[in-house]
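What follows is the residue order along each chain.
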Amino acid sequence: MKRNLISNLTFFLLFSSITCCFVGTFFIYMPSFNNIKLLSSLQYIWLIFGTVLGLIIIFLIGYTILNLLPKNKDFNPFVKVSLSYGLGTGFNGLSMFIFILLGFHSRFSFIPLLVIIIFLFIYYKNYIPLNDDIKKIMKTIKVQKFNKIEYFCIFLLAVISVYLFIFWFFYPIENYDAIFIWDAKAKLIFYEGNFENIDSTHHPTYPLLVPLNLCFFYTIYFQHFQFSRILILTYFFTLISFLYFSLRGMGLNKTISIIIITLYAVIGQVFILAIHVKGDMPLTFFYSISSIFLFYYFHSKKKEFLVYSSVFMGFMAWCKIEGLALLVINISILIIYHFFLLLKKTTYSKDIFKLTILYTMISFIIYIPWFFYISFRGFPAEYITHYPNIFDIQSVFSDLINIFIRGFILILNPYKWGIIFWFVFFSILIFNLNIIKKNQNTLFLLFMCFFHFLVYILIYLITPLNLNLHLIQSFDRMVSHIVPLCCFLIGNLILNNEKLNINYNENILYKKMLYFFSLLIITSMIIIIIFYNPIFYFIKHTFPYYDISLKKN
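Residues numbered from 1 in each chain as written. Predicted model: local features only at pLDDT ≥ 70, side-chain atom pairs only at ≥ 80, totals over all residues. Heavy atoms only, no water.

Participant: I'd like a description of the overall build of the protein chain, backed by residues and values.
Facilitator: A count of helices and strands for the protein chain gives 23 helices and zero strands. Expressed as a percentage of contacts within the protein chain between residues at least 6 apart in sequence, the contacts between residues at least 24 apart total 82%. Just so you have it, the protein chain exposes about 25,000 Å², and 71% of that area is on carbon and sulfur atoms. (Helix = DSSP H or I, 4+ residues; strand = E, 2+ residues; numbered from the N terminus. Contact = heavy atoms within 4.5 Å. Areas by Shrake-Rupley, 256 points an atom, 1.4 Å probe, with all protein chains shown as cover.)

This is the structure we're talking about:
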């Protein structure tokens, strides 16, 4: 009886958070069709064709490279799709960067790699496993059966997908960062064909994986720039797919796996990342896959997982400046994990040093071209030069209080987080502390989440910008990078808890779900209307929340 009560409460907690997040996202980000500039039918036909062509090229590059990596046949075909997209965009951006430096015009810089990939694809007869994978995907889709709860989640995912495609298909790029950082760099590279004036853009030290792939789509689309957002949109969908099949691959049942990915997809902040041309969604994609592969290595000790983790980690560092810090964190986590193995004197200990060096080398080999380039060009280090700030104890203490108070307010924003996402996460975390203590691999997964958060705290402590303004503009966005890994941790805790990992009786739960949701939605809306604003304004006036003076606190 107690077991069923705990499992039902956990189920309701997850599902109610999905509903609240979805309701907020639906009403707040509802598309408005005013002032939309429509194109001609012929232009739309070409844009659809260009989208398909561009994605085929990206997936072809990634799939061919994936078949050169170890143990690629062991992956689920849906996982291969996600990995192929990541490898495709990663190596496409890297090769464009190198060939532009060698003198190729940016609009033709993807062609040399494409020629090599087509040769390898034919030489290694990759069309045979590709055909098999397509058949497996089609067969899996046809035989899938869902219960009512799963259909409800699929419905929510479908609505979010329609929303995202409406924004992609009709709306121009409007966000400030998207226009003046990412899109501006891509257009500069597209028109000038090189990187000569890249230092005239905002944040010239930001890596170029996203702008280069945008430039690739600009070439395909013949300058219809807003449609290049398909790059970011596909990162979102492939990340959702990878997260789901990672949970299923661990042994988590289908219902809970669908609930968890829906919990991630319907968050308003995630929706924002999926529609704007920024480096945040690609960074989240590469970081999540890299960290999950690192967890797989902890769990199975299979060396090939380290290879995949390190490759995706290298491209993570190509997305944003924060990616390099996260690369260092994951390497540090691996070193600590290997140190624990040495203390235990396991038979596996003899390979530890070689594997750590291999992991580090692969990651930095991918990142090193950009490091040499910005060093050669003499771009200013925007954060590193401010590291002495952390030795001012009084200032650091004051900033930490500021960061935690303002950060806490921001992530409780119901319009972006649906109030209870973090409540769900920490509730499941706290009630499963015994699982974390017993399971070393889960403990290191939690370490990754925790140290990731500490990295961002450090960034705010050494920021050259006004701290308050920086927090308002970026805190909830930066924290969202960690959410897929938090969802993966939720699934791992449920899987390892016998009281939670059960087969749910859909008929009983479905009836309870309807009553519970109705009550919870009404309650949540009342909380937002009655309690949130007064509390928000009380804290706002108690602490100068919108103090954006030029002086750093």
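Participant: Please give an account of the pattern of salt bridges that cites residues and values.
Facilitator: In the structure shown here, the tally under the stated rule is eight salt bridges. Across the pair lysine 254 and glutamate 150 runs a salt bridge whose closest N-O atoms are separated by 3.8 Å. Taken together, the residues span a long stretch of sequence, with lysine 254 in helix α10 (residues 254–265) and glutamate 150 in helix α6 (residues 148–170) at a distance of 104 residues. Judged by its relative accessible area of 3%, glutamate 150 falls in the buried class. Among the salt bridges present, the one from arginine 377 reaches aspartate 199, with a minimum N-O distance of 3.8 Å. Separated by 178 residues along the polypeptide, arginine 377 in helix α15 (residues 352–377) and aspartate 199 in the loop between α7 (176–192) and α8 (209–221) bring together distant segments of the chain. Residue classification places arginine 377 among the partly exposed residues on the basis of a relative accessible area of 26%. One network of salt bridges, with partners in common, ties together Asp177, Asp280, Lys320, Glu322 and Arg477. (Salt bridge = Lys/Arg side-chain N within 4 Å of Asp/Glu carboxyl O. Buried < 20%, exposed > 50% of the residue type's maximum accessible area, 1.4 Å probe, protein only.)

Participant: How would you summarise the packing of helix α20 (residues 440–461) against helix α22 (residues 483–496) if you had to cite specific residues and measurements?
Facilitator: Contact pair α20 / α22: the axes reach a minimum separation of 10 Å and the direction vectors enclose 160 degrees. When the interaxial angle is binned, α20 and α22 end up roughly antiparallel. The element α20 and its partner α22 pack so that their crossing is left-handed. In this structure, α20 uses Thr442, Leu445, Leu446, Met448 and Cys449 to contact α22, whose residues at the interface are Leu485, Cys486, Phe488, Leu489, Asn492, Leu493 and Asn496. Residues belonging to the contact of α20 with α22 are distributed by class as follows: nine nonpolar, three polar and no charged. (Axes fitted to C-alpha atoms, helices over the stretch in contact; angles between N-to-C directions. Parallel < 35°, antiparallel > 145°, perpendicular 65-115°, else oblique. Left-handed = near helix turned anticlockwise from the far one by under 90°. Nonpolar A, V, L, I, M, F, W, Y, C, P; charged D, E, K, R; others polar.)

Participant: Can you break down a nonpolar patch on the surface residue by residue, with the values?
Facilitator: A contiguous nonpolar surface patch, about 560 Å² in accessible area, is contributed by Ile98, Leu102, Phe104, Phe108, Ile111 and Val115. Overall, the relative accessible area of 36% leaves isoleucine 98 in the partly exposed class. (Patch = residues over 30% accessible without salt bridge, like charges linked within 9 Å, V, L, I, M, F, W, Y side chains within 5 Å.)

Participant: Now, about α10: what can you tell me, with residues and values included?
Facilitator: Taking 1.5 Å of rise per residue, the twelve residues of α10 would be expected to cover 16 Å, and the 16 Å separating its terminal C-alpha atoms lies within 8% of that figure. Inspection of α10 places Lys254, Thr255, Ile256, Ser257, Ile258, Ile259, Ile260, Ile261, Thr262, Leu263, Tyr264 and Ala265 among the buried residues, and these make up the whole buried set. (Expected span 1.5 Å × (residues − 1).)

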